[in-house]
Amino acid sequence: MTRNVLIVEDNPGIGELVSIHVAELGMNPVLCERGDTGLGRFREGGIDLVILDLMLPGIDGLSVCREIRSGPGYVPILMLTAKSTELDRVLGLEIGADDYLTKPFSVAELSARVKALFRRVDAMASAASVETCDNELTTDGLRIDPIRRRVFIREQAVELTAREFDLLWHFASHPGRVFSRVQLLDSVWGYSHEGYEHTVNTHINRLRGKIETDPTHPEFIQTVWGVGYRFRE
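Residues numbered from 1 in each chain as written. Predicted model: local features only at pLDDT ≥ 70, side-chain atom pairs only at ≥ 80, totals over all residues. Heavy atoms only, no water.

As annotated in an unreviewed UniProt entry, the protein carries the name Response regulator transcription factor and comes from Franzmannia qiaohouensis.

J.: Account for the overall build of the protein, naming residues and giving values.
T.: When you go through the protein residue by residue, the secondary structure sums to 8 helices and 12 strands. For the protein, the residues scored as buried account for 45% of the 233 residues in total. When contacts within the protein are restricted to residue pairs at least 6 apart in sequence, long-range pairs at least 24 apart make up 57% of them. Accessible surface for the protein amounts to roughly 11,200 Å². Of this, 51% is attributable to carbon and sulfur atoms. (Helix = DSSP H or I, 4+ residues; strand = E, 2+ residues; numbered from the N terminus. Buried < 20%, exposed > 50% of the residue type's maximum accessible area, 1.4 Å probe, protein only. Contact = heavy atoms within 4.5 Å. Areas by Shrake-Rupley, 256 points an atom, 1.4 Å probe, with all protein chains shown as cover.)

J.: Can you lay out the packing of aromatic side chains for me, pointing to particular residues and giving the numbers?
T.: Per the counting criterion, the structure on display carries 2 aromatic pairs. Taking the centre distance of 6.1 Å and the plane angle of 75 degrees together, the rings of Phe-171 and Phe-179 count as edge-to-face. Phe-179 sits in the buried class, given a relative accessible area of 2%. Seen from their ring centres, Phe-220 and Phe-231 are 6.2 Å apart, and the 20 degrees between their planes marks the pair as stacked. A residue pair is termed long-range when its members are at least 10 positions apart, and Phe-220 in the loop between helix 8 (197-211) and strand 11 (221-224) and Phe-231 in strand 12 (residues 228-231) qualify at 11 residues. Each member of the pair Phe-220 and Phe-231 is classed as buried. In this structure, Arg-143 packs its charged tip against the face of Phe-152, placed 4.1 Å from the ring centre. (Phe/Tyr/Trp six-rings, centres within 6.5 Å; stacked < 30°, edge-to-face > 60°. Lys NZ or Arg CZ within 6 Å of the ring centre and 35° of its normal.)

J.: An account of the nonpolar core is needed here, citing residue identities and associated values.
T.: By size, the foremost hydrophobic cluster in this structure holds 26 residues, and its most contacted members are Ile-144, Leu-168, Phe-171 and Ile-221. Counting only elements with at least two residues in this core, the list comes to strand 7 (142-145), strand 8 (150-153), helix 6 (162-172), helix 7 (181-189), helix 8 and strand 12. Broken down by element, the residue count for this core peaks at 6 residues, all from helix 6. Among residues more than four places away in sequence, those in contact with Leu-168 are Leu-142, Ile-144, Val-151, Leu-160, Leu-207, Ile-211, Ile-221 and Phe-231. (Core = buried A, V, L, I, M, F, W, Y, C linked by side-chain atoms within 4.5 Å.)

J.: If you had to explain the sheet that holds strand 5 (residues 99-102) to someone new, which residues and values would you point to?
T.: The strand order across the open sheet built from 5 strands is 2-1-3-4-5, with neighbouring strands paired in parallel fashion. This sheet does not close on itself; its edge strands, each paired only once, are strand 2 (28-32) and strand 5. Taking the axes of each pair of neighbouring strands and ignoring which way they run, one obtains an average angle of 20 degrees across the sheet. Bridging between strand 3 (residues 49-53) and strand 4 (residues 77-81) involves 4 bridges; their strand directions are parallel. Of the residues in strand 4, the one forming a bridge with Ile-51 is Leu-78. (Pairing = 2+ DSSP bridges. Axes fitted to C-alpha atoms, helices over the stretch in contact; angles between N-to-C directions.)

J.: Summarise the confidence of the model for the protein; cite the residues concerned and give the values.
T.: For the protein, the mean per-residue pLDDT works out to 85, and 89% of the residues sit at or above 70. Long-range and interchain partners of residues 129-133, a stretch whose pLDDT sits below 50, account for 5 contacts in this model, where long-range means more than four residues apart. (pLDDT = per-residue confidence, 0-100.)

As structure tokens, then:
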């Protein structure tokens, strides 16, 4: 079945370029140049991935992302932005974007991110088909339900983005094992590009802020200096 990729980009040149390369990947591009029309097309259904610009007329990309995540179901979101400040990246990731690309970006990098997101979606679907409630993990007040993709701290629900959940579950499934940033990019994001380790740092900082009593002295996701991170044994 051909996958439908919604591209919401107000720059005609960039939008057309992304559409061409999405088509070359064997997918069906659906191009919208405004945030409101893009959101409307998404709500019609049948979209498997959203490539979303940050700065859009009508409704900005962050608002579109927030609206998509407030609805039922899960569709991966790749955010495009000309802004490179950490605040813009963190806002997008916190609202629910799965990944981001800062303009200008290469065609190879765009293709790698799109393929990685779909590999992750396929892996999630495969895992959901075989996991049972026995896979629930509990440790020192932290409870992770992989079936419903929910997390609790002392039975209080914690709202995580899709990527934050995947990262936490990857750590918790391998207690005590140390992962480098490059290994985490490869395992959780599905790609590994030198220079993008800051993506891992950003997500771990956000995750610690949600599950740790004191994020500056983390109990669950621990730093192994000079190597990477591990989940407590």
